[in-house]
Amino acid sequence: MAGAKSTRTERPSAKGERVRLASVIAPFRADATEDTKPSGRAGKTKGRARTTQHQVIPSGAKKARLPEKLFPQLATLVSAAPTTGDWIYEVKFDGYRILTRIKHGKPALFTRRGHDWSSKMPALVEQLRTLGIKSAWLDGEIVVMGKDGVPSFNALQNAFDRARTADIQYFLFDVPFFEGYDLRQVPLRDRRRLLKTLLETRATDKIRFSDDLAGDGTSIFAAACRMKLEGVIAKRADAPYVSRRSETWLKLKCTQRQEFVIVGFTDRKGERTAPGIGSLLLGVHDDAGKLVFAGSVGTGWSTETAADLKRRLVALEVKHPPFADATKPKSGRWPRRSAVPERWVKPVLVAEISFSEWTPDGQLRH
């Protein structure tokens with residue numbers, strides 16, 4: 001439909017829900033106390049356990065040197081909670097994945113792609129040093145709390161943009177290596193028990209344990225979405241730690257759906273001769289009725305649909321962006337796709353898009 005208008009989804013008030021869903025919020029609110037109860041899923045460790053640094057090393061751990069690099073286990077996106085098996089549920093933090101290597105007592109922070117970010121977060125490095133660990137790899141997520149007391153990705157971006165990272169909190173959820181032992185083949189429930197025990201006495205105001213959420217997966221996920229959280233993570237309690245995307249870690253994301261005006265596209269891999277599109281460029285009409293850029297989407301269609309969309313959009317191509325001020329949209333601060341040429345079209349087609357939220361500067365987050 002030509003000139004179809006789309007209105008932005010407003011965030012509803014959730015004060016009443018926060019009271020009823022305290023069990024979901026408690027694990028990561030800034031004012032959470034030690035009274036927060038775990039789900040009780042963890043079972044007894046079988047076999048013989050070892051003790052080091054006053055921590056019980058679970059059965060199945062192997063003596064090993066600490067590797068210089070470790071890539072994280074990644075979760076597979078699913079649309080519903082699993083209905084069989086023993087699963088542990090955690091909050092899906094709206095933050096940034098960080099792994100910590102502690103070698104000879106000195107912590108170093110790494111992104112999921114292996115970039116050293118220690119210099120960006122000196123206060124967090126110092127707090128990790130106080131844990132008293134000599135050798136380990138720790139896995140977790142860094143966040144900054146928003147005004148509503150839940151993690152805010154925009155607040156995290158602002159912390160880095162303004163070099164004010166002292167407010168960053170680090171929620172730890174796994175420990176693949178610890179004090180000379182490789183724990184990757186140890187069941188998740190036992191690795192988490194070790195980590196939880198460690199942090200019960202050594203956690204700081206910025207380093208916390210990502211606790212289990214009690215209840216069935218479907219109810220937990222529904223509660224998280226009502227609270228406007230990003231979603232939940234489901235992990236098989238008996239699973240090993242693997243440095244790849246797996247189906248023993250699942251992510252369920254809360255999404256919104258809305259119609260957007262298609263204002264352009266990119267070619268797959270940036271090649272004009274490619275048979276299909278790489279992404280759709282999207283717009284919405286603001287309160288004054290002016291068409292403004294809203295971001296892009298790069299998934300959700302088949303190869304055949306991508307080719308069909310390109311044929312239709314090439315026929316509508318124009319030289320300039322179809323916005324009132326004819327200015328080129330600005331890229332995000334942390335762009336996720338490589339810079340490729342944008343191709344603009346007449347704003348006569350709309351698409352229904354799923355997304356997680358609006359950023360403060362009016363861009364979609366998926």
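None of these values were measured; they are calculated from a predicted model.

Scoring rules and cut-offs
- Residues numbered from 1 in each chain as written.
- Predicted model: local features only at pLDDT ≥ 70, side-chain atom pairs only at ≥ 80, totals over all residues.
- Heavy atoms only, no water.
- Helix = DSSP H or I, 4+ residues; strand = E, 2+ residues; numbered from the N terminus.
- Buried < 20%, exposed > 50% of the residue type's maximum accessible area, 1.4 Å probe, protein only.
- Areas by Shrake-Rupley, 256 points an atom, 1.4 Å probe, with all protein chains shown as cover.
- Pairing = 2+ DSSP bridges.
- Axes fitted to C-alpha atoms, helices over the stretch in contact; angles between N-to-C directions.
- Contact = heavy atoms within 4.5 Å.
- Polar contact = N/O pair within 3.5 Å; in protein donor to acceptor, adjacent residues only side chain to side chain.
- Disulfide = S-S within 2.5 Å.
- Core = buried A, V, L, I, M, F, W, Y, C linked by side-chain atoms within 4.5 Å.
- Arc of directions from axis to C-beta.
- pLDDT = per-residue confidence, 0-100.
- Phe/Tyr/Trp six-rings, centres within 6.5 Å; stacked < 30°, edge-to-face > 60°.

Asks: Tell me about the overall build of the protein, and please be specific about residues and values.
Replies: Across its full length, the protein holds 7 helices and 21 strands. Across the 366 residues that make up the protein, the buried fraction comes to 49%. Accessible surface computed for the protein: about 19,200 Å², of which carbon and sulfur atoms make up 50%.

Asks: Let's hear about the sheet that holds strand β5 (residues 87-91): which residues, and what values?
Replies: An order of β4-β13-β12-β5 is seen for the 4 strands of this open sheet, with the pairing classed as mixed. Sheet topology places β4 (74-77) and β5 at the edges, where each strand pairs with a single neighbour. Looking at each pair of strands side by side, their axes are set apart by 35° on average, direction ignored. For strand β12 (residues 231-236) and strand β13 (residues 245-253), the ladder comprises 5 bridges, and the chain directions are antiparallel. In the sheet register, A234 faces β13, and the bridge partner there is L250. Of the strands in this sheet, β5 and β12 are in contact with helix α5 (residues 188-202), which crosses β5 at around 45°. Relative to the sheet, helix α6 (residues 217-226) contacts β5, β12 and β13, its axis offset from that of β12 by approximately 155°.

Asks: Quick one: what's the story with the pairing of strand β7 (residues 106-111), residue by residue and with numbers?
Replies: Every other side chain in a regular strand lies on the same face of the sheet, so the side chains alternate between the two faces. Counting buried positions over the 6 residues of β7 gives 5, a clear majority of the element. Looking at chain direction, strand β6 (residues 96-103) and β7 are connected through 6 bridges and run antiparallel. Note that in β7 the partner of T100 across the bridge is L109.

Asks: Explain the pairing of strand β8 (residues 135-143) to me, and be specific about the residues and the numbers.
Replies: The element β8 is largely enclosed, with a buried count of 9 among its 9 residues. Burial along β8 is two-sided: the residues S135, W137, D139, E141 and V143 and A136, L138, G140 and I142 are all buried. Where β6 lies against β8, 8 bridges are found, and the strand directions are antiparallel. Within β8, the position partnered with I98 by the bridge is G140. Inspection of the sheet shows β8 paired to strand β9 (residues 169-178) by 7 bridges, in the antiparallel sense. Paired with E141 across the strands is F171, a residue of β9.

Asks: I'd love a proper account of the side chain of Q127, names of residues and values included.
Replies: Looking at the secondary structure, you find Q127 in helix α3 (residues 122-129). Side-chain polar atoms of Q127 contact the side chain of D205, separated by 3.0 Å. Among all residues touching Q127, those that are not within four sequence positions of it are T204, D205, K206 and I207.

Asks: Kindly report on the side chain of D190, identifying the contributing residues and their values.
Replies: Structurally, the position occupied by D190 is in helix α5. Among the residues examined, D190 registers a relative accessible area of 7% and is labelled buried.

Asks: Outline unusual backbone geometry, listing residues and values.
Replies: Leave glycine aside and you will find that most residues have negative phi; peptide bonds, for their part, are mostly trans. Positive phi, close to 55°, is recorded for H104, a residue that is not glycine. For K228, which is not a glycine, the phi torsion comes out positive at approximately 65°. With respect to the helices, strands and loops of the structure, K228 is situated in the loop between α6 and β12.

Asks: Can you explain the state of the cysteines? Please cite residues and give values.
Replies: Within this structure, the stated rule accounts for 1 disulfide. One disulfide in the model links C225 with C254; its S-S distance is 2.1 Å. Measuring the twist about the S-S bond at about -90°, one finds the C225-C254 disulfide to be left-handed. A residue pair is termed long-range when its members are at least 10 positions apart, and C225 in helix α6 and C254 in the loop between β13 and β14 (256-267) qualify at 29 residues. On the basis of relative accessible area, C254 is assigned to the buried category, the value being 8%.

Asks: Which residues make up the nonpolar core, and what values do they have?
Replies: Nonpolar side chains tend toward joint burial in soluble globular proteins. One finds M121, L124, L138, I142, F178 and L183 to be the most contacted residues of the largest nonpolar core, which totals 34 residues. Counting residues in each nonpolar core, the second largest holds 20 residues, with V91, M145, M227 and A234 among its members.

Asks: Quick one: what's the story with α3, residue by residue and with numbers?
Replies: Along α3, the residues classified as buried are L124, V125, Q127 and L128. Down the axis of α3, the smallest arc covering the buried residues is 165°, so these residues share one side. Structurally, α3 contributes buried residues whose contacts are with β6, β7, β8, β9 and β11 (207-209).

Asks: How would you sum up the confidence of the model for the protein? Please name residues and give values.
Replies: Taken residue by residue, the protein gives an average pLDDT of 81. The fraction at 70 or more is 78%. The low-confidence segment residues 1-48 (pLDDT under 50) makes 95 contacts with residues lying over four places distant or belonging to another chain. In this model residues 332-337 is a low-confidence stretch, pLDDT under 50, and it forms 14 contacts with partners more than four residues away in sequence or in other chains.

Asks: Explain the environment of A324 to me, using residue names and the numbers behind them.
Replies: Among the structural elements, A324 can be located in the loop between β17 (317-318) and β18 (343-345). Sequence separation between A324 and L291 is 33 residues; the distance between their C-alpha atoms is 6.6 Å.

Asks: Break down helix α4 (residues 153-161) for me, with residues and values.
Replies: In terms of residue burial, α4 counts as a mostly covered element, since 7 of its 9 residues are buried. Buried residues of α4: F153, A155, L156, Q157, N158, A159 and F160, and no others. The positive-phi residue at the C-terminal boundary of α4 is A163, with phi of around 55°.

Asks: So, the packing of aromatic side chains: which residues are in play, and what are the values?
Replies: By the definition in use, this model includes 8 aromatic pairs. When the ring of F173 is compared with that of W249, the centres are 6.1 Å apart and the planes differ by 80°; the resulting orientation is edge-to-face. Placement of the pair is F173 in strand β9 and W249 in strand β13, with a sequence separation of 76 residues. Classification of W249 as buried rests on a relative accessible area of 3%. These aromatic residues form a ring-pair network of at least three members: Y96, W117 and F160.

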